[in-house]
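Residues per chain are reported as follows:
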Amino acid sequence: MAIHGLWVINKAGGLVYQRNFGDGLPHLTSNEYLVLAGTLHGIHAITSRLSPTGSSSGAQEICGETFKLTILLTATGTKFVLLTSLVEPNAGSVLQKVYEVYADAVMKNPFHTPEMPVRSEGFDARITALIGSG
């Protein structure tokens, strides 16, 4: 069980927060992370329209051979994405806690501009306490 990374994607598909935990992920440039976030945003939008039974909030989990992406979509359109090992059982609950930390440490900060990159030591410290160092 391992948590490898956390992304926060704004409603326009822009990456506003990215953090890796541990050494398991390949090193990517900031531009590569921006492209990946935009691609995931597009995939999520497509999956929200594919439901044969009506409306859908889109993909909540995408699995690869060696990893899993768990996605939490908020009411405002912000996406929280957790990159984990395949056997991580608590990804959904961790994302819910990350969302609560984001609401407290970022959205209540009068100096933060919505939809812009998160630059908050308080948010980083609380994510470290929740998930670990990275």
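Check the entry above for the structure.
Note that the coordinates shown come from a computational prediction; the quantities given were computed from them, not determined experimentally.

A. Examining the nonpolar core more closely. Grouped together as the largest cluster of nonpolar side chains are 20 residues, with contacts concentrated most on Leu6, Phe123 and Ile127. Elements with a minimum of two residues in this core: strand E1 (3–9), strand E2 (15–20), strand E5 (79–84), helix H2 (91–107) and helix H3 (121–130). At 8 residues, H2 tops the list of elements feeding residues into this core. Among all residues touching isoleucine 127, those that are not within four sequence positions of it are Leu6, Tyr17, Arg19, Phe21, Val98, Val101 and Gly132. Counting residues in hydrophobic clusters, the runner-up holds 10 residues, among them Trp7, Ile9, Tyr33 and Leu69.

B. Up close: the packing of aromatic side chains. For the coordinates displayed, the defined rule picks out 5 aromatic pairs. For the ring pair tyrosine 17 and phenylalanine 123, a centre distance of 4.8 Å and an interplane angle of 80° mean the geometry is edge-to-face. Residue tyrosine 17 is found in strand E2, and its partner phenylalanine 123 is found in helix H3; the two are separated by 106 residues along the sequence. Aromatic pair phenylalanine 80 and tyrosine 102: ring centres 5.1 Å apart, planes at 80°, arrangement edge-to-face. Taken together, the residues span a long stretch of sequence, with phenylalanine 80 in strand E5 and tyrosine 102 in helix H2 at a distance of 22 residues. In this structure, phenylalanine 80 and tyrosine 102 share a single accessibility class: buried.

C. Spotlight on the sheet that holds E1. The antiparallel open sheet is built from 5 strands, whose spatial order is E2-E1-E5-E4-E3. Where the open sheet ends on each side, the last strands, each with one partner, are E2 and strand E3 (61–63). With direction set aside, neighbouring strand axes in the sheet form an average angle of 15°. Of the strands in this sheet, E1, strand E4 (68–73) and E5 touch H2, which is tilted by about 135° from E5.

What counts and how
- Residues numbered from 1 in each chain as written.
- Predicted model: local features only at pLDDT ≥ 70, side-chain atom pairs only at ≥ 80, totals over all residues.
- Heavy atoms only, no water.
- Core = buried A, V, L, I, M, F, W, Y, C linked by side-chain atoms within 4.5 Å.
- Buried < 20%, exposed > 50% of the residue type's maximum accessible area, 1.4 Å probe, protein only.
- Helix = DSSP H or I, 4+ residues; strand = E, 2+ residues; numbered from the N terminus.
- Contact = heavy atoms within 4.5 Å.
- Phe/Tyr/Trp six-rings, centres within 6.5 Å; stacked < 30°, edge-to-face > 60°.
- Pairing = 2+ DSSP bridges.
- Axes fitted to C-alpha atoms, helices over the stretch in contact; angles between N-to-C directions.

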